[in-house]
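One letter stands for each residue in the lines below.
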Number of protein chains: 2
Amino acid sequence: MSFSPLVDRLLESLRVLPGVGPKTAQRMALHLLEREREGGERLASVLAQALAEVGYCQRCRTLTEEELCGLCRSTRRDERLLCVVESPADMLAIEEAGGYSGQYFVLHGHLSPLDGIGPEDIGLDLLEARLAEDGVDEVILATNPTVEGEATAHYIATQLTGRQIRLSRLAYGVPMGGELEYVDGGTLSRAFNGRLPFSGE
Amino acid sequence: MSFSPLVDRLLESLRVLPGVGPKTAQRMALHLLEREREGGERLASVLAQALAEVGYCQRCRTLTEEELCGLCRSTRRDERLLCVVESPADMLAIEEAGGYSGQYFVLHGHLSPLDGIGPEDIGLDLLEARLAEDGVDEVILATNPTVEGEATAHYIATQLTGRQIRLSRLAYGVPMGGELEYVDGGTLSRAFNGRLPFSGE
């Protein structure tokens with residue numbers, strides 16, 4: 001037994017959403033059909049429009065339906081600083097943390113030769129072209145602190161040697177507000193090696 | 001800081017889904033835009049189609065895009081038994097449990113005078129009309145064991161007095177596989193009052 005063919009297709013389609021299994025899909029479909037038809041229609045049309053129109057910013061490759069994203073069009077951002085991140089979500093997290101006033105470049109992933117993901121797939125040709133223009137003093141490699149993120153950062157760093165551009169990487173160490181007891185060994189030994197003079201601030 | 005206007009609208013639209021807050025909506029939107037465009041397009045079109053075409057079965061009121069649902073068209077179901085449930089999800093749960101071979105009637109809710117939900121809103125006029133036809137011997141009131149579900153069952157029972165129709169209610173008691181320690185007091189005292197002779201089965 002199941003629902004009608006069309007309702008079953010809706011259940012199945014909802015499962016493309018991350019973290020949505022059969023039970024959640026059923027709850028979502030019944031919720032939309034029984035109580036939220038208007039919201040469901042809006043979702044269907046906005047989703048179709050977003051998929052048709054949203055692409056990459058031509059300058060920083062973040063997701064946008066415009067040619068240039070809001071940050072790239074802004075005149076208030078420091079053009080001498082460029083922060084390279086793996087995803088638009090990372091960019092948003094850094095913006096929400098506050099304190100960074102430069103621009104971004106979004107890779108949409110990391111190098112992964114085994115999956116056939118090479119430099120051009122993560123836009124490194126566009127990054128090169130951008131850095132060839134004058135103006136960027138420092139590139140902050142803010143890829144994830146994972147094996148793949150590190151490898152990608154190293155690859156980019158190798159490509160940029162010879163240019164008059166400072167390279168930096170986000171600081172590693174113990175996270176604020178955490179308890180040492182629960183910090184993993186790799187992070188802890190990095191924090192020891194990178195220890196700083198106590199300033200009493 | 002936020003995403004582009006269209007991406008922001010997508011985040012907001014996703015929040016009509018039950019259990020989806022800002023963080024999950026962001027994860028879903030980025031997943032669809034970055035890795036699942038095809039699945040997202042299918043979701044948008046199936047959702048729009050389902051909302052446009054899926055209505056209630058004219059006989060049992062379950063969700064279907066056809067005039068009569070599969071169960072009502074089936075010739076294998078016992079027309080003398082009619083099970084009244086609050087939602088299509090309840091109907092599916094009973095079908096999946098197996099063992100019931102009769103037909104259904106879906107209320108899509110329960111009586112709730114304070115919210116302005118009266119007998120016609122839950123299809124009781126259609127239920128009356130169906131029972132006026134000859135054929136149904138027993139009506140199983142399978143509304144939820146909640147205050148509202150009980151009240152709705154009582155209302156339906158009152159309406160049916162005088163007809164040659166048997167009325168029944170699902171058995172109350174301790175759930176199978178549970179531990180007595182964790183069963184709530186109301187259920188436990190119901191199970192005591194409704195105790196059965198030990199058959200040794």
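Residues numbered from 1 in each chain as written. Chains lettered and ligands numbered in written order. Predicted model: local features only at pLDDT ≥ 70, side-chain atom pairs only at ≥ 80, totals over all residues. Heavy atoms only, no water.

**Quick notes on the layout of surface pockets**
Residue and element names in this part refer to chain A. The calculated volume of the largest pocket comes to roughly 450 Å³. What lines the largest pocket is a set of 20 residues, among which A142, T143, P145, L170 and A171 lie closest to the centre. Contributing elements (two or more residues each) for the lining of the largest pocket: α5 (88-97) and α8 (185-193). (1 Å grid on protein atoms, 1.4 Å probe; cavity = no way out; pocket = protein on both sides within 12 Å on 5 of 7 lines; lining within 4 Å. Points joined across faces, edges and corners; volume = space filled by probe spheres on them. Helix = DSSP H or I, 4+ residues; strand = E, 2+ residues; numbered from the N terminus.)

**Re the UniProt feature "zinc finger region: C4-type" (unreviewed entry) in chain A**
The positions UniProt marks with the feature "zinc finger region: C4-type" (unreviewed entry) are residues 57-72 of chain A. Secondary structure content for residues 57-72 of chain A is 19% helix and 12% strand, and the end C-alpha separation is 8 Å. (UniProt positions renumbered as here; feature names shortened; annotations may be inferred.)

**Description of the interface of chain A and chain B**
Across the contact, 52 residues belong to chain A and 52 residues belong to chain B. For the pair chain A and chain B, the summed buried area comes to about 5100 Å², and 72% of that belongs to carbon and sulfur atoms. Joining chain A to chain B, the criterion identifies zero salt bridges. Elements supplying a minimum of two residues to the side of chain A that touches chain B: α1 (5-14), α2 (22-35), α3 (37-53), β2 (63-64) and α5 of chain A. Ranked by residues supplied to the side of chain A that touches chain B, first place goes to α3(A) with 14 residues. A breakdown of the residues in the side of chain A that touches chain B according to their chemical character gives 30 nonpolar, 11 polar and 11 charged. (Contact = heavy atoms within 4.5 Å. Buried area = accessible area lost by both parts, 1.4 Å probe. Salt bridge = Lys/Arg side-chain N within 4 Å of Asp/Glu carboxyl O. Nonpolar A, V, L, I, M, F, W, Y, C, P; charged D, E, K, R; others polar.)

**Description of the relation of the copies chain A and chain B**
Each copy superposes on the other: chain A lies on chain B with an RMSD of 0.1 Å after a rotation of 180° and an axial shift of 0.1 Å. Put plainly, the chains are arranged around a two-fold axis. It is A44(A) whose C-alpha, among those of chain A, lies nearest the rotation axis, at 2.2 Å. Counting the interface residues of chain A, we find that 100% of their copies in chain B are interface residues as well, pointing to one common contact surface. (Least-squares fit on C-alpha atoms with pLDDT ≥ 70 in both.)

**Overview of the pairing of strand β3 (residues 78-85) of chain B**
Residue and element names in this part refer to chain B. In terms of burial, β3 is largely enclosed, as six of its eight residues are buried. For β3 and strand β4 (residues 102-106), the ladder comprises five bridges, and the chain directions are parallel. Its bridge partner lying in β4, V84 is registered against F105. Crossover handedness for the path β3 to helix α5 (residues 88-97) to β4: right-handed. The pairing of β3 with strand β5 (residues 138-141) spans four bridges and is classified as parallel. Looking at the pairing, L82 lines up with V139 of β5. (Buried < 20%, exposed > 50% of the residue type's maximum accessible area, 1.4 Å probe, protein only. Pairing = 2+ DSSP bridges. Right-handed = clockwise from strand over helix to strand, strands pointing away.)

**Digging into the environment of A171(A)**
Residues and elements named next belong to chain A. The topology assignment puts A171 in the loop between β6 (166-169) and α8. Judged by relative accessible area, A171 falls into the exposed class, the value being 78%. Considered as a pair, A171 and G194 are 23 residues apart in the sequence and their alpha carbons are 8.7 Å apart.

**Side note on the side chain of S4(A)**
Secondary-structure assignment places S4(A) in the segment before α1. When its relative accessible area of 8% is taken as the criterion, S4(A) is described as buried. Setting aside chain neighbours within four positions, we find S4(A) in contact with L63(B), T64(B) and E65(B).

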